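Topology and contacts: notes
Residue-level listing of the chains:
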Amino acid sequence: MESHRILDMISSPADLKLLTNEELSILASEIREQIITTTSKTGGHVAPSLGVVELILACHSVLDCPHDKLLFDVGHQSYAHKLVTGRLGEFDTLRQFGGMSGFPKASESEYDVHPSGHASDSVSVALGLAMARDLNGGDEKIVTIIGDASLSGGMAFEALNQLGQLQTPMVIILNDNEMSISRNIGALARYLGEKRASREYTRTRDSVQSVLEASGPLGRGLVDLGRNAKDSFKQMVIPGEMLFEKLGITCTAPIPGHDIAALKRALRVCLKADGPTLLHVVTKKGKGYEPAEENPSKFHGIGPYDIATGEVKKGSSSAPKYTSVFSKAIVAEAERDHDIVAITAAMKDGTGLAAFSEKFPKRFIDTGIAEEHAVALASGLALGGKKPVVCIYSTFMQRAFDQLVINNALANTNVVFCLDRAGLVGDDGPTHHGVFDIVYGRMVPGVRMMAPSDEAELVHMLHTALALEGPVILRWPRGEARGVELPAVPQVLEEGKSRTTREGSDVAILAFGRMVQEAEGAADILAKEGVSVRVVDMRWIKPFDEEAVRKAALECKLVCTAEEGAIEGGIGEGILEALAANPPAQVPPVLTFGIPDEFVEQGKVPQLHHMLGIDSCGMAARIREKYAEL
Ligand SMILES: Cc1ncc(C[n+]2csc(CCOP(=O)(O)OP(=O)(O)O)c2C)c(N)n1
Ligand SMILES: CC(=O)[C@@H](O)[C@H](O)COP(=O)(O)O
Ligand SMILES: [Mg+2]
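None of these values were measured; they are calculated from a predicted model.

Here the UniProt-annotated "binding site: thiamine diphosphate" (unreviewed entry) positions come out as His76, Gly117, His118, Ala119, Ala149, Ser150, Asn177, Tyr289 and Glu371. The annotated residues occupy 296 residues of the chain and do not converge on a single region, their most distant C-alpha atoms lying 31.7 Å apart. Within the fold, Ala119 resides in the loop between α4 (79-83) and α5 (122-136). Not counting residues within four places of it along the chain, the set of residues in contact with Ala119 comprises Asp73, Val74, Ser150, Ile369 and Arg399. Locating Asn177 in the fold gives a position in the loop between β3 (171-176) and α8 (187-197). With near-sequence residues (within four places) excluded, Asn177 lies in contact with Asp148, Thr283 and Lys285.

Here we come to the site of ligand 1. By nearness alone, 23 residues border ligand 1, and His76, Ser150, Met179, Lys285 and Glu371 come closest of all. Within the side chain of Lys285, one N or O atom sits 2.7 Å away from an oxygen atom of ligand 1. A total of 590 Å² of accessible area belongs to ligand 1 in isolation, and the protein chains cover 98% of it. Considering every element that reaches the shell around ligand 1, the biggest residue donor is helix α6 (residues 148-151), with three residues. For the shell around ligand 1, the class distribution of residues is 10 nonpolar, nine polar and four charged. Each of two domains, domain 1 (7-11 + 20-294) and domain 2 (322-475), supplies a minimum of three residues to the shell around ligand 1.

Attention now moves to the pairing of strand β6 (residues 277-282). Counting buried positions over the six residues of β6 gives six, a clear majority of the element. Two strands pair when backbone bridges link them, and β3 and β6 are joined in this way by six bridges, in the parallel orientation. Note on β6: the bridge partner recorded for Asp176 is Val282. Two strands pair when backbone bridges link them, and strand β5 (residues 255-256) and β6 are joined in this way by two bridges, in the parallel orientation. Paired with Pro256 across the bridge in β6 is Val282. Regarding the hand of the β-α-β motif, the stretch spanning β5, helix α13 (residues 260-272) and β6 is right-handed.

So, on to the domain arrangement of the protein chain. Taken domain by domain, the protein chain holds domain 1 (7-11 + 20-294), domain 2 (322-475) and domain 3 (500-629). A straight line from the C-alpha centre of domain 1 to that of domain 2 covers 33 Å. Buried area between domain 1 and domain 2, both sides added, is near 1400 Å², and the carbon and sulfur share of it is 51%. It is Arg95, His118 and Ile185 that lose the most area in domain 1 upon contact with domain 2, and together they represent 39% of the buried surface on that side. Where domain 1 meets domain 2, there are two salt bridges. Residue Arg95 is joined to Asp427 by a salt bridge in which the shortest nitrogen-to-oxygen separation is 3.8 Å. One can count four residue pairs in polar contact (both at pLDDT 80 or more) joining domain 1 with domain 2.

About the cut-offs
Residues numbered from 1 in each chain as written. Chains lettered and ligands numbered in written order. Predicted model: local features only at pLDDT ≥ 70, side-chain atom pairs only at ≥ 80, totals over all residues. Heavy atoms only, no water. UniProt positions renumbered as here; feature names shortened; annotations may be inferred. Helix = DSSP H or I, 4+ residues; strand = E, 2+ residues; numbered from the N terminus. Contact = heavy atoms within 4.5 Å. Near = heavy atom within 4 Å. Polar contact = N/O pair within 3.5 Å; in protein donor to acceptor, adjacent residues only side chain to side chain. Areas by Shrake-Rupley, 256 points an atom, 1.4 Å probe, with all protein chains shown as cover. Nonpolar A, V, L, I, M, F, W, Y, C, P; charged D, E, K, R; others polar. Domains from an automatic or database assignment. Buried < 20%, exposed > 50% of the residue type's maximum accessible area, 1.4 Å probe, protein only. Pairing = 2+ DSSP bridges. Right-handed = clockwise from strand over helix to strand, strands pointing away. Buried area = accessible area lost by both parts, 1.4 Å probe. Salt bridge = Lys/Arg side-chain N within 4 Å of Asp/Glu carboxyl O.

Here it is as structure tokens:
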């Protein structure tokens, strides 16, 4: 059927310049409908993207991308940008294996500037681009869209600090929707709330039309406008406490974020300034889809859902998620030990701390998007006699490596780090796979590390970690566990001791975490071919079970290691080094299974395991081939 959508006629942002504001509003509705239709099947970051449709249309109407640069902080809100930059045709492959990324991706489009995915970095990248432009004598405009929660991240303030000093012309668009994943927290959130509620904003919102229409040729940035121009311009610059002005960055009054005309005019005003400006935009997260407007946290990042009801389509597995098992286990531990405090960096729900926060509000700490601060904060809490449990996704823990080393390992603090989303995470792709924590965890002196192979092991390992002195890292994958029975009473596991889950003497697979399941599958395949495979659930990454390694090397013809982490610097290499340093009578060949030295694309985890040859079939095939050579 012939489509009469404006969206179908947009092949590049230049086409937007031919549209009236009324047509752009129609286009915004069509884009929302497309986002909802597609994400109901693929899942994705629905509420963030629905909230900035008009903003993105206004940006692309005013800017001349790709010559001008439009950046996105995190980039989870960029679906409308993808739709108007030539990717409507592939939009249904959103976050799918081999399909379009859910985040900006330079290799996907010339309109995508930087990979983002991790919050609070876009002001730094934008400033770098602006400084390069100035050194090159360029004229491109540099604009970044950053959310209110991401702006509170430390790196953003580091960039603002330098930007204010350099006075480099660029525009920071603050997308203020009062939300992080949960409701936004922190002093900056409070300040922005005061700005939104202030009398000036209300007055400004009503008169922003005349203020902007009167904005003729402009001298310096909005500060001059505020100071030298008619009184009406003063409404563009917040009177009273001017946090950003004090840093040398002109900040507008909050602009209604779904009014395309106002947004275009405000952006033009900011782009003409000869210094840095911060365009404060007020939006509604989830705008235009009632279930998402009513529950923006649920629709921040969601799986496939029913459009009519907003209900998530149920998966096939009956096993509980690792996160939900942890959620109950940490509450049980905290009931026993009143010194336990739990820390999240703006990921309360994702890390399973919602129940803890309700039951122990005084012992629950949400730092906002501030992983470095959260990990250093934990060291202070530990030095003060508390028992911090820091819950951070593996990929985001990368931000706090120095605080792990200096503030915790060197100080030998009693802190437990629970790294959820360790291993391949699936649809979010390379910016979110947690594949480096084994490398960075095992290399730090004094840090112990464990990986549970099922949910019962997670319960035992949490209990064990809490009983140990010094920093301990636990890491477990996103998604369902194995559906085994949970222990009534958690046990303290013997340090550095593994457990054998399959007996065998031809081949040994020394497996860690979720790879135990894949290894058992490989053992079952090979058993049918007369090859007996020992599967050792190593449990401890550091210190690993050297006795089990020696026994395997002495008793088996082929030894394999299997980890869901980078092979380069991984635990497989550690075991190889240990065998080489202290060889038993004869050292058999060793195969290492893990993540190769490359960034892994998005896709369902089984697809990615198969692609990398670390699923049961892949492991069996490689073992079969090597074993046949012996
Ligand atoms: C370093 C880092 N920590 C945590 C996250 C997880 N995360 C993704 S989006 C988000 C909230 C972002 O809120 P905001 O910047 O206000 O954007 P909004 O979703 O409201 O548009 C968080 C915590 C991340 N991407 N990066
Ligand atoms: C964009 C971002 O960083 C988060 O929304 C992340 O996508 C959440 O991942 P989970 O879906 O695994 O909680
Ligand atoms: Mg927000």
